[in-house]
Amino acid sequence: MTGFAIALATLNEMKAAGVLSDYAVGGAMALVFWTEPVPTYDLDVLVWLPTREGPIVSLSEVYDWLAARGWAAHAEHVLVAGIPVQFLPAHDALADEALTTAAMLDYSGVPVRVVRPEYLVALYLEPQARTAKRRERAAALGEGALFDHQRLQDIMLRFHLTW
Amino acid sequence: MASPTQPGRPTPELLAALRQGKATLRHERHTLSLPEKVRAVIELQQACLPLLARQRGLRPWERVWDTDA
């Protein structure tokens, strides 16, 4: 099993163990499931943590669980089988919806939940996330054969997003 | 899966720390030696090519480099 497949299998283990309520691969590595690969250094994972009172101030429980299995945290990433993984708690309703609607795909026999391309674009268009690089990636996603433009329009309307 | 009734939200401080972590990682990658950078490219090829192959036929040059870098 490759390092990337091990990292994905670890996400499934974390969900089964209740460390994560749910997850979906996001960011540049999610793009790879839908369109051409783009350079990236890490694996972004959108997550829901088990319900706790109050805001999420740290990811120490996630990091501790992984550290107990030999995967150490560094600079808010955990190196899992050589892949730096960053866990991003869902920060708003759009992120929640991206998690809810994530596609179940397969990577080398490992099932994996991946944010759908229309939600990747929408997340890139959020004011706090907009960069030239991300707009470029959003455009590339929109050219994909599987991209549902009507779905993106609906999301942009409901979440007040613009290009 | 349905979202938790009221999912906890990350604090602005945690979000800032996550962004800073990404910047730190990027900076560290910039300062890798050239052979280390090439190894990072090969690791990316290993992860991405199986996915690309599922979307379309791979072009002749789209394969993991056969190198000891």
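Reading the values: the criteria
- Residues numbered from 1 in each chain as written.
- Chains lettered and ligands numbered in written order.
- Predicted model: local features only at pLDDT ≥ 70, side-chain atom pairs only at ≥ 80, totals over all residues.
- Pairing = 2+ DSSP bridges.
- Helix = DSSP H or I, 4+ residues; strand = E, 2+ residues; numbered from the N terminus.
- Expected span 1.5 Å × (residues − 1).
- Buried ≥ 20, exposed ≤ 12 C-beta atoms within 10 Å, placed from the backbone.
- Arc of directions from axis to C-beta.
- pLDDT = per-residue confidence, 0-100.

All names here are of chain A. For strand β6 (residues 103-107) and strand β7 (residues 110-114), the ladder comprises five bridges, and the chain directions are antiparallel. When the bridges of β7 are listed, leucine 105 appears paired with valine 112. If you look at the hairpin formed by β6 and β7, you'll find two residues sitting between the two strands, and serine 108 has a positive phi there, around 50°.

All names here are of chain A. Counted at 1.5 Å a residue, the expected span for helix α1 (residues 3-16) with its 14 residues is 20 Å, and the 20 Å between its end C-alpha atoms agrees. For α1, the complete set of buried residues consists of Phe4, Ala7, Leu8, Thr10, Leu11 and Met14. On an axial view of α1, the arc spanned by its buried residues comes to 150°, and they lie on one face.

This part covers the confidence of the model for chain B. Caution applies to low-pLDDT parts of the model: their predicted coordinates are not meant to be read in detail. For chain B, per-residue confidence averages 83 on the pLDDT scale, and residues scoring 70 or more make up 88% of the total. As a predicted assembly, this complex carries a pTM of 0.87 together with an ipTM value of 0.74.

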